[in-house]
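The primary structure of each chain is shown beneath.
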Amino acid sequence: MADVTREDMEQINRLARAELKPEQVYTFTLRLCDNEVDRDYERFDGEALEGLGRLLLGKSGIFDHQWTARGQAARIYRTEVVEEPARATAAGDGCRWLKGWAYLLRTEKNADLIAEIEGGIKKEVSVGCSMGRSVCSVCGAEDGSCRHVRGQVYGGKLCYFELREPRDAYEWSFVAVPAQRGAGVLKRFRQAGEGDLLLQKQAELGRKYLRELRREVARLAMLADDGPEGRVFAGAAERMEEPELLELKKAFEIRAARRFPVPPQLRRREPAERERDEAFLV
């Protein structure tokens, strides 16, 4: 990992009102979007990625596309379209994706967010934008005017809608499940200092805690219901975060206790048993 370059700081300071120094900023890179067919059976065409790259410069990073000033966390200061011709998309052409460089300030308020980015917790992202055209891959009709259904195959051809001619880009967001499977934080590119190593250690402890919590919730789910429902909950636990896991843990503990009550330590003995024991008392 390299230090933040002079060019990086020049681009960052074009967006800042006061001149910032490298030690005041935390930088990281993102895979903002690509030309792969996404979960909604849409994809950006190649030219759209170029346009989005220009439109996203200077745009804020927020959370879950909630447009509030309080949610502003980071800002994009550089973009570039990356070509991967050897990797084919579902549409059959070479993969292209939009890479973004973002920065946020190293403040006490942002310390937890930096730790979550470093630890891979805050990773997936999604872009909010407006597109001029949406074209059916099967017949070329625009804006859903045909009867082809997204995700269906017609004559061996997958139906999806190609998004073209970006008009505006509003923001980019950290999300739990992005429409585009590959979109997310890639890596940061500065020298790890003592503070960064501490953050990494804290992030690893957080990951370990979540792994143990998920494992315990899965165990309790299977105890509470060893049928299909228990297995479903056990699998779902792998995608949950701490608040949901703690609620489920509490609920499954109650259900498991009802199903497997704790037996009393002392068993009541019948009179005949007591008589037999008394014969050996001294």
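A. View of the pairing of strand 5 (residues 94-105). With respect to burial, strand 5 is a largely interior element, 9 of its 12 residues being buried. For strand 1 (residues 25-34) and strand 5, the ladder comprises 9 bridges, and the chain directions are antiparallel. What sits directly across from Val25, in strand 5, is Leu105. In this sheet, strand 5 lies alongside strand 4 (residues 74-88) in antiparallel orientation, the contact comprising 10 bridges. Paired with Ile76 across the strands is Ala102, a residue of strand 5.

B. How the structure looks around unusual backbone geometry. The phi angle at Asp143 is positive, at roughly 55°, despite the residue not being glycine. For Asp143, the position within the fold is in the loop between strand 6 (125-136) and strand 7 (153-154). A relative accessible area of 59% means that Asp143 is categorised as exposed. Of note in the backbone geometry, Glu165 takes a positive phi value of approximately 55° without being a glycine. For Glu165, the position within the fold is in strand 9 (residues 161-174).

C. Structural view of helix 1 (residues 6-15). Of all the positions in helix 1, only Asp8, Met9, Gln11 and Ile12 are classed as buried. Projected down its long axis, helix 1 shows its buried positions confined to an angular sector of 165°, all on one face. Of the exposed residues in helix 1, those oriented more than 90 degrees away from the buried face are Arg6 and Arg14. Those residues of helix 1 that are buried lie in contact with strand 1, strand 4 and strand 5.

Criteria and thresholds
- Residues numbered from 1 in each chain as written.
- Predicted model: local features only at pLDDT ≥ 70, side-chain atom pairs only at ≥ 80, totals over all residues.
- Heavy atoms only, no water.
- Buried < 20%, exposed > 50% of the residue type's maximum accessible area, 1.4 Å probe, protein only.
- Helix = DSSP H or I, 4+ residues; strand = E, 2+ residues; numbered from the N terminus.
- Pairing = 2+ DSSP bridges.
- Arc of directions from axis to C-beta.
- Contact = heavy atoms within 4.5 Å.

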